[in-house]
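Inside the fold
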Amino acid sequence: MENCFTSSAEVFSWLSKHINLERGQRPKSFRLERMEVLTELAGYPHRCAPSIHIAGSKGKGSVTSMLTAMLTAAGFRAARYMSPHVTDIRERICLGDSFFSEDIYCSAGDELRNIAESPLPMMFDECEPTFWELLTLLFFLCARKAKCDVMVVETGMGGRLDSTNVVDPKVSVITLIELEHTNFLGNTITEIAGEKAGIIKQGKPLVLAKQNDEALEVFKNKAKEKNSPLYYFPEIAELSDIKITPQGTEFSLHSLRETPCTPWLNSYSLSIPISGKVQAENAALAIAALKIAFQNDFQETSHRGTETQRTQREISEEVIQNGLASIKMPARFENIAEANQTPFIIDGAHTPESLTLCIETFCSLYGEGGVLIFGCAADKDAAAMAHITHTHFSKIIITTPGTFKTSDPAQVYEAFAAIAGKEKTVLVPDTNEAVKQANLFAKSSRRDSGTQSTQREGDGINLPILCTGSFYLASEIRKLSK
């Protein structure tokens, strides 16, 4: 047997040698039964604590982070699993908003490697365990070794066949559905909703974000089939008094009707340190899921000491306020500029809806006519993204969205140039150079030089910069800013 891991870096380096699901997996490689065998070999670590399971096309990472932050504020040891990471792969597998200790990653890594490198059942002959399956199992092992009280688990892609779908959660959460990953999930909203609906479990509640009619019908039918109580957010609660500033978002949350599980909402006045109406919507969805999962007081069994103890915690308004106020989510409308400098916003918006909301927020805060740095993976509709963005910016710089996913910056450039024009659009494949050119243009095209930008108090005189289209691009630029 190999020597034990001595650092988390060694664990993730070993993991990286396996098939990378996010870099070109074939549809037939998605087989949930393989993950079921892996968890059985590991002694069912996914059952070590209650879980909340989150799927969707946009906002699921924010909902996951917000749920974890509120649970942590309530005193729970909450294990969080999400993707992608922005600056450190350990961001995918966390205790609260912090990394697990190195000994947890190493010990879990040793156990994972022993399983992966031992003789596996014949079903693995066709396709060895994927990177995503092994990463998911590592999360469950870390959560068990750290004796976590609850796990907040975000799907990687889809839901029905996603490796996280071995959990039997207290509640399932599905955010807004859009056309995405069509080569794997289907070419219609109905097909994609069907894949996401695969996380709905027998008799377990479903908290559902606002959907279009096609997707809503799919979720209603699946919830009925599974005898799963359905909490459709537009029918149970509403947001009001939304105020967006560069420092974050303030809003009020009210219940619309009382159900056996929803006398809890009443009226909350809340704030989150992230700008954007969509983040208020994500927070509201997370609150609904949390209250439905852990109604009123939650009693749980703790095995941390030598004796089993019963403890009681309340998901109070103060807990919700403190949790949301503490959230840290890199690349979610994050300003990486130094204090008092012209805004440089990075955001992982990579679907038409999320991109539209991102630009609306950006322009409402900083005006029209700024600089856009854009990059997206090869499976995205670049032309659709160009139609959404081109009228709002004075300069559009197309670059490479990292190397984690396949991309074709030249093709994206052609799509943008055809719509926005070649005078406004430029191709700069090297991300470092793209940032330099964006800064130069922002400085040379001051707001008083006849650009379309609207001067905002506190903006400074240079044009604001927005980087979006991919979390991987946001990650690259965030690293360059450090």
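Right, let's get into the packing of helix α3 (residues 60–73) against helix α11 (residues 317–325). One way to put it is that α3 packs onto α11 with a least axis distance of 8 Å and a crossing angle of 125 degrees. The angle between the axes of α3 and α11 places the two elements in the oblique class. The hand of the α3/α11 crossing is right-handed. Counted together, M66, A69, M70 and A73 of α3 and V319, I320, N322, G323 and L324 of α11 form the full contact between these two elements.

This next bit is on the pairing of strand β17 (residues 393–398). For β17, the tally of buried residues reaches six of six residues, placing the bulk of the element in the interior. In this structure, β17 lies alongside strand β18 (residues 425–427), joined through three bridges in parallel fashion. Residue pairing in the sheet places I398 in a bridge with L427 of β18. As a crossover connection, the stretch from β17 through helix α14 (residues 409–420) into β18 is right-handed.

Turning next to the pattern of salt bridges. Opposite charge on two side chains allows them to pair when their charged atoms are near. One pass over the structure, following the stated rule, counts 11 salt bridges. With its nearest N and O atoms 2.8 Å apart, the salt bridge here joins D88 to R90. Between K145 and E111 there is a salt bridge, with the nearest N and O atoms lying 3.2 Å from each other. Of this pair, K145 sits in helix α5 (residues 131–145) while E111 sits in helix α4 (residues 102–116), and the two are 34 residues apart along the sequence.

The next thing to look at is the confidence of the model for the protein chain. Summarising the model, the protein chain shows a mean pLDDT of 87, and 85% of its residues fall at 70 or more. Here residues 296–311 is a poorly scored stretch, pLDDT under 50, and it has 32 contacts once near neighbours within four places are set aside; other chains count. Throughout residues 448–459 the model reports pLDDT below 50, and contacts reaching past four residues in sequence, or to other chains, amount to 29 contacts.

How each quantity is defined
- Residues numbered from 1 in each chain as written.
- Predicted model: local features only at pLDDT ≥ 70, side-chain atom pairs only at ≥ 80, totals over all residues.
- Heavy atoms only, no water.
- Axes fitted to C-alpha atoms, helices over the stretch in contact; angles between N-to-C directions.
- Helix = DSSP H or I, 4+ residues; strand = E, 2+ residues; numbered from the N terminus.
- Parallel < 35°, antiparallel > 145°, perpendicular 65-115°, else oblique.
- Left-handed = near helix turned anticlockwise from the far one by under 90°.
- Contact = heavy atoms within 4.5 Å.
- Buried < 20%, exposed > 50% of the residue type's maximum accessible area, 1.4 Å probe, protein only.
- Pairing = 2+ DSSP bridges.
- Right-handed = clockwise from strand over helix to strand, strands pointing away.
- Salt bridge = Lys/Arg side-chain N within 4 Å of Asp/Glu carboxyl O.
- pLDDT = per-residue confidence, 0-100.

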